[in-house]
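Analysis of the macromolecular model
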Amino acid sequence: MTHPVAKRGIACLLVGLLLLTVGCAPQADTDDNTAPSTTVTTFAPLQGIDLSTALTTAQVAEGLGLAPEDMAPVEVYENGISARYATRDWQTTLDISLQILTKETMELARAACENYTPAPHLGDAAWFDEDAERLYVFFGDYQLSVYIDSADITASRLILTRHFAALVLEGLS
């Protein structure tokens, strides 16, 4: 028999995976620094939104305490609604994605995550999933997901993901 906490953790992980979008057919593109990036397209864009223009590699480098030249070109997926920023050595990555989400689905996602920290004053509602180490921000009919993967990060992932989410929200406005 599976422990109830394990079931909730698995459910939260499945909801998180469901909310992510992953592409599989790269195409060459360029960002604002004329460095090549990758674009993957599998479904229609959300009203012309491109997360790679809402958050620049220079902003990511600054937020991580790095020089812009330490960053690899941004990879863009799903017509701009998902982006991956990485250091040139790929030891640190920042993944952001955006999708349309109803309030009911947002409430179900939060209910599935037992171990979360509210992130007030960010969008309409936001929380940091402590198990998945991912920040979810809901604003209007959208959900923004922010995740940092790095063994080198010693700062709070909640603080860092919140910083990048605020920059994305500002860039989208």
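The structure this text deals with has already been given above.
For every chain, the first residue of the written sequence is number 1, and numbering continues from 1 onward in sequence order. Residue-level local features of this predicted model are given only where pLDDT is at least 70; pairs of side-chain atoms are given and counted only at 80 or more, and the full residue set underlies all totals for whole chains, interfaces and linings. Water and hydrogen atoms play no part in the side-chain values, which are based on all heavy atoms of the structure.

Time to look at the packing of aromatic side chains. Aromatic contacts are taken between Phe, Tyr and Trp rings whose centres are within 6.5 Å, Trp giving its six-membered ring; a plane angle under 30 degrees counts as stacked, one over 60 as edge-to-face, and the others as tilted. The full count for this structure, using the stated rule, is four aromatic pairs. Each member of the aromatic cluster is reached from another via a ring pair, and the members are Tyr116, Trp127, Tyr136 and Phe138.

Here the nonpolar core consists of buried residues drawn from Ala, Val, Leu, Ile, Met, Phe, Trp, Tyr and Cys, with membership extended through side-chain atoms lying within 4.5 Å. Burial status follows relative accessibility: with a 1.4 Å probe on protein chains alone, a residue under 20% of its type maximum counts as buried, one over 50% as exposed, and anything between as partly exposed. Core analysis: the biggest nonpolar cluster contains 32 residues, and Leu55, Tyr85, Leu94, Ile96, Val137 and Leu144 have the highest contact counts within it. Of all the elements in the fold, those that place two or more residues in this core are helix 2 (51–54), helix 3 (57–64), strand 4 (82–86), strand 5 (92–100), strand 7 (125–129), strand 8 (134–139), strand 9 (142–150) and helix 5 (157–172). Secondary structure counts use DSSP, requiring at least four H or I residues in a row for a helix and at least two E residues in a row for a strand, with both numbered from the N terminus. In terms of residue count, the dominant contributor to this core is helix 5 (six residues). In this view, leucine 144 contacts Ser97, Leu98, Leu135, Tyr136, Val137, Phe139, Ala165, Val168 and Leu169; residues no more than four positions away in its chain are not counted. Counting residues in hydrophobic clusters, the runner-up holds eight residues, among them Leu101, Met106, Tyr136 and Phe138. In this description, contact between two residues means that some pair of their heavy atoms is separated by no more than 4.5 Å.

Let's shift gears to the packing of helix 3 against helix 5. Angles run from 0 to 180 degrees between N-to-C directions of axes, and those axes are lines fitted to C-alpha atoms, restricted for helices to the stretch in contact. Interaxial distance between helix 3 and helix 5 falls to 11 Å at its minimum, and their mutual angle equals 155°. Of the possible angle classes, the one that applies to helix 3 and helix 5 is roughly antiparallel. In terms of crossing hand, the pair formed by helix 3 and helix 5 is right-handed. Taken together, the residues of helix 5 that come into contact with helix 3 (itself represented by Gln59, Val60, Gly63 and Leu64) are Leu160, His163, Phe164 and Leu167. The residue inventory of the contact of helix 3 with helix 5, partitioned by class, reads five nonpolar, three polar and no charged. Should an angle lie under 35 degrees it is considered roughly parallel, over 145 roughly antiparallel, and from 65 to 115 roughly perpendicular; all remaining angles are considered oblique. In this scheme the crossing of two helices becomes right-handed for a clockwise turn of the near helix relative to the far one and left-handed for an anticlockwise turn of less than a right angle. Note on residue classes: Ala, Val, Leu, Ile, Met, Phe, Trp, Tyr, Cys and Pro are nonpolar, Asp, Glu, Lys and Arg are charged, and everything else, Gly too, is polar.

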